Amino acid sequence: MKLVIFDLDQTLVDFIPVHDEVTRRLFKQYFDVDARLTEIDFAGKSLTENFKELAGLKNIPEDRYRLKEGQLLQSYEAIFSESLPEDAGRYVLPGARELLSELSKTEHIVSLYTGDSPGIVSHVFRATGLGSYFRFCEYGTEVKTRAEMVTLAIQKAEQLTGR
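In this text the structure is predicted, and so the values were computed from the model without any measurement.

### Some details on the pattern of salt bridges
Piece 1. Evaluation of the coordinates by the stated rule reveals 10 salt bridges.
Piece 2. Here Arg-36 ties to Glu-21 by a salt bridge, and the two come within 3.8 Å at their closest N and O atoms. You can see Arg-36 sitting in the loop between α1 (16–31) and α2 (47–57) and its partner Glu-21 sitting in helix α1, a full 15 residues away along the chain.
Piece 3. The salt bridge involving Glu-53 is made with Lys-45; its shortest N-O contact spans 2.5 Å.
Piece 4. Among the charged side chains, a network of salt bridges with common partners joins Asp-20, Glu-21, Arg-24 and Arg-36.

Okay, here's the thing in structure tokens:
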């Protein structure tokens with residue numbers, strides 16, 4: 001038995017155009033600046049890390065950003081949900097569903113590790129139907145580093161299997 005850990009965005013799905021547009025709308029609403037997620041190197045970072053980096057790039061004072069940070073994530077989840085089509089199958093990358101389906105027939109523990117928040121992942125799972133393939137998820141909004149996410153995934157797998 002193995003622990004198989006997947007990332008979500010640009011590994012199994014590609015919702016970057018949706019993330020980009022939601023980011024643009026929110027930064028305009030909260031900070032009155034034009035900003036897009038694709039203006040920074042967002043790979044391997046949590047959603048909140050990306051917001052903070054983008055705020056720095058757009059010269060938003062840190063204290064002003066910190067005042068809005070919690071609201072920004074909540075609003076992001078709501079707008080992201082509204083922006084998804086009911087059937088978002090076209091955002092699932094080629095071969096992803098088939099790979100997950102085959103892994104689900106094995107004894108392996110399949111988990112998700114993503115920089116997104118639980119709310120975003122919930123919306124993606126609802127729209128794509130991918131949620132049933134994962135025994136558990138780790139989210140970037142719950143830890144400080146991606147390395148911590150791997151450690152937590154290993155601990156959860158140990159708890160599930162006793163090994």
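### Regarding the packing of aromatic side chains
Piece 1. As enumerated under the stated definition, the model contains 9 aromatic pairs in all.
Piece 2. When the centroid spacing of 5.3 Å and the interplanar angle of 50° are considered together, the rings of Phe-27 and Phe-31 count as tilted. One end of the pair, Phe-27, and the other, Phe-31, are both in helix α1, 4 residues apart, so they sit about a helical turn from each other.
Piece 3. Looking at Phe-27, the relative accessible area reads 0%, which means it is buried.
Piece 4. Taken together through their ring pairs, the aromatic side chains of Phe-15, Phe-27, Tyr-30, Phe-31, Phe-51, Tyr-65, Tyr-76, Phe-80 and Tyr-91 make up a single cluster.

Basis of the calculations
Residues numbered from 1 in each chain as written. Predicted model: local features only at pLDDT ≥ 70, side-chain atom pairs only at ≥ 80, totals over all residues. Heavy atoms only, no water. Salt bridge = Lys/Arg side-chain N within 4 Å of Asp/Glu carboxyl O. Helix = DSSP H or I, 4+ residues; strand = E, 2+ residues; numbered from the N terminus. Phe/Tyr/Trp six-rings, centres within 6.5 Å; stacked < 30°, edge-to-face > 60°. Buried < 20%, exposed > 50% of the residue type's maximum accessible area, 1.4 Å probe, protein only.

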